[in-house]
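Analysis of the macromolecular model
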Amino acid sequence: MSSKSAIETLNLTKKFNGVKAVDDLSLKIEHGEVFGLLGPNGAGKTTILMMLTTLIQPTAGTALVNGYDIRKEQDKVRKSIGIVFQDPSSDDILTGYENLKLHAMLYDVPDEVVESKIGEVLKLVDLEDRKKELVKNYSGGMRRRLEIARGLLHQPAVLFLDEPTLGLDPQARERIWQYIRKLANEKNVTIVLTTHYMEEADLLCNRIAIIDKGKIVALDTPGNLKKIIGGDIIRIKSPEPNIEAIRKLDFVKKVEMVDGTVSITVEGARRHLTTILEAIGKVDSVYVREPTLNDVFLHYTGGEMEDSGAEGGWAERMMSAQTRGR
Amino acid sequence: MGREDDERPDEGEIEMGALKAIYAMWYREIRVFSREKSRIVASVINPLFFLLIFGGGLGNIGGFGTVGGEVFIFPAIVGMVLLFTSIFFGLYIVWDRKVDFLKEVLVAPISRLSMFIGKIVGGSTDSIIQATLVLILGVFIGVNYTPLSIPLTFGFMFLTTTILVSIGLIMGSRMESPEGFQLITSFVVFPMFLLTLFPFDKLPSYLVPFAYIDPMTYAVDGLRGVIIGANYFPVYLDAVVLAVLDCIFIATGTYAFQKMKI
């Protein structure tokens, strides 16, 4: 079997004790793409990754990674991919350099190029000056960078990143993003990453698959996904909002009450803001923004907007809107 | 999960890859070992006390034939160092798995056999280095080494430590957490060691069956034969039993590694 795509899954399914963690997944990831698997914890992202990297066997179906079958050609799959795990997997009683050296031996990187390759990947993640230090003295971000470098050392065609910035502080996260973008631009490598950070998926990925309960609920570019929401979002806090008046306006697409604020989806928010403010009555505060992936995500994974559980998501979105500095 | 039975394109290339993988595993162990100097020193202190206090006391009670008590238990102390170091080396993969380093090795395109052999070579190197420090102490209690006894001693140590590292790795690959270490020390390691302290023919009859199934019996008997000439079984028989046990445990261990989950 051969395949022109970097990854092609064919009805990939994984059950744990009869429960479907990944449900009949078929998707194609092209060479050179940065592809995101976005979903809440427990959606099945990591299980998909574990199957694609041959760490667990599918219950049914299969996948081709670089043209190799994950069921039948595990060693070839493994040689052609790099993996950066969610949890640290470098040896902390070894130095950064020793970790890379060990990796080169395990992946049978030709002796004559080992040193130059190690130098190259260390440079890529700016760890050249710390290579002789024990990994236990590294910060979380440095460790993740070392592991990204390690994942690239044997020149894999596909690099898998499982929640690459989980548990990192904002600066470290920002830096990891830079490296991932650099990789995507400079190296000829396909990147598949899982994340539950909307912002991360939005910033890094060419295409995103939104995964919920083991299934793909949406798959497109971040831009196209956001178009689905169909407009900007205006949030108004008002003591006595005149919701009926808002509903009557023809440019308003959707009106909802969320925790005492009115959430209005509008095409061209800035143009229509005055009209809306006039219609709604007394106003305490107003917040206008463009749709984010989070809105898309909530749209597909079942409108949790109405219940109080969405509050955290809202706060996070406000925060992410700020950190993006728009 | 049958990772070994993939098609192999080029036999020669794979052989080299396997050797490199074994070397990689060994390289890691030696690097780690060399950074734990305090552990090495500590590992010699305990045997020293055993040798001087326990061996000295036993010697005064008498009944060891031509050699003194310290000298008689000396091979058992060498065995003890091999036993504790090797078994715990093996068990430590529980910890490797917990701190996630093992993941890196488990996802590498190397066979579980290479992985297992690499671990054995690494662990054996550790414990033979530590046992050698104890062997040097032997000179001070009157052990005479000969040009023949030294290579034979190392031969026995190698046969023994490979069995023990395998046992440790097998148990470690089945364990979920390091909490079981204490149980294994109490129920496996200590009895295996204690049985070797006494002359085989002086053991009470209810202990004899246990001594027969204790691999350390043959290891220490063999060492007694080559170091001080006080063996109970013929030395070649000890070697054969150990070699057979090696085959069994290495095969079992490779199987256990193949079944090991991440």
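Being a predicted model, the structure only gives us computed values, none of them experimental.

What counts, and where the lines are drawn
Residues numbered from 1 in each chain as written. Chains lettered and ligands numbered in written order. Predicted model: local features only at pLDDT ≥ 70, side-chain atom pairs only at ≥ 80, totals over all residues. Pairing = 2+ DSSP bridges. Helix = DSSP H or I, 4+ residues; strand = E, 2+ residues; numbered from the N terminus. Axes fitted to C-alpha atoms, helices over the stretch in contact; angles between N-to-C directions. Contact = placed C-beta atoms within 7 Å. Domains from an automatic or database assignment. Buried ≥ 20, exposed ≤ 12 C-beta atoms within 10 Å, placed from the backbone.

Residues and elements named next belong to chain A. Taken in spatial order, the four strands of this open sheet run 12-13-11-14, and their pairing is antiparallel. Single-partner strands in this sheet number two, and they are strand 12 (252-258) and strand 14 (285-289). Averaged over all pairs of adjacent strands, the angle between strand axes in this sheet comes to 15°, irrespective of strand direction. As judged from the five bridges shared by strand 11 (residues 232-237) and strand 14, these two strands associate in the antiparallel manner. Within strand 14, the position partnered with Ile-236 by the bridge is Val-286. Against the sheet, helix 10 (residues 269-280) makes contact with strand 11, strand 13 (261-266) and strand 14, and its axis sits at roughly 30° relative to strand 11, the strand it touches most.

What follows concerns the interface of chain B and chain A. Between chain B and chain A, the contact holds 23 residues from the first and 22 residues from the second. Within the residue set of the side of chain B that touches chain A, elements represented by two or more residues are helix 1 (11-34) and helix 5 (101-106) of chain B. A total of nine residues in the side of chain B that touches chain A trace back to one element, the largest contributor, which is helix 1 of chain B.

Quick look at the domain arrangement of chain A now. All names here are of chain A. Parsing chain A into structural domains produces domain 1 (7-221) and domain 2 (229-323). If you average the C-alpha positions of domain 1 and of domain 2, the two centres end up 36 Å apart. At the junction of the two partners, domain 1 supplies 10 residues and domain 2 supplies nine residues. Mapped onto the side of domain 1 that touches domain 2, the elements with two or more residues apiece are helix 7 (198-204), strand 9 (207-212) and strand 10 (215-220).

The next thing to look at is the sheet that holds strand 2 (residues 19-29) of chain A. Residue and element names in this part refer to chain A. The antiparallel open sheet is built from four strands, whose spatial order is 2-1-4-5. Looking along the sheet, the strands with just one partner apiece sit at the ends: strand 2 and strand 5 (68-69). Two strands pair when backbone bridges link them, and strand 1 (residues 7-16) and strand 4 (residues 60-65) are joined in this way by five bridges, in the antiparallel orientation. Its bridge partner lying in strand 4, Thr-9 is registered against Ala-63.

This brings us to unusual backbone geometry. Residues and elements named next belong to chain A. Despite not being glycine, Asp-24 shows a phi value in the positive range, around 55°. As for its position among the elements, Asp-24 is in strand 2. With a phi close to 50°, Gln-155 is a non-glycine residue in the positive phi region. When you line up the elements, Gln-155 lands in the loop between helix 5 (140-152) and strand 7 (158-162). Owing to 16 C-beta atoms within 10 Å, Gln-155 belongs among the partly exposed residues under this scheme.

All names here are of chain B. Inspection of the secondary structure assignment puts Phe-116 in helix 6 (residues 112-138). Taking the number of C-beta atoms within 10 Å as the measure of exposure, Phe-116 has 26 and is therefore buried. Separated by 141 residues in sequence, Phe-116 and Phe-257 place their C-alpha atoms 7.1 Å apart.

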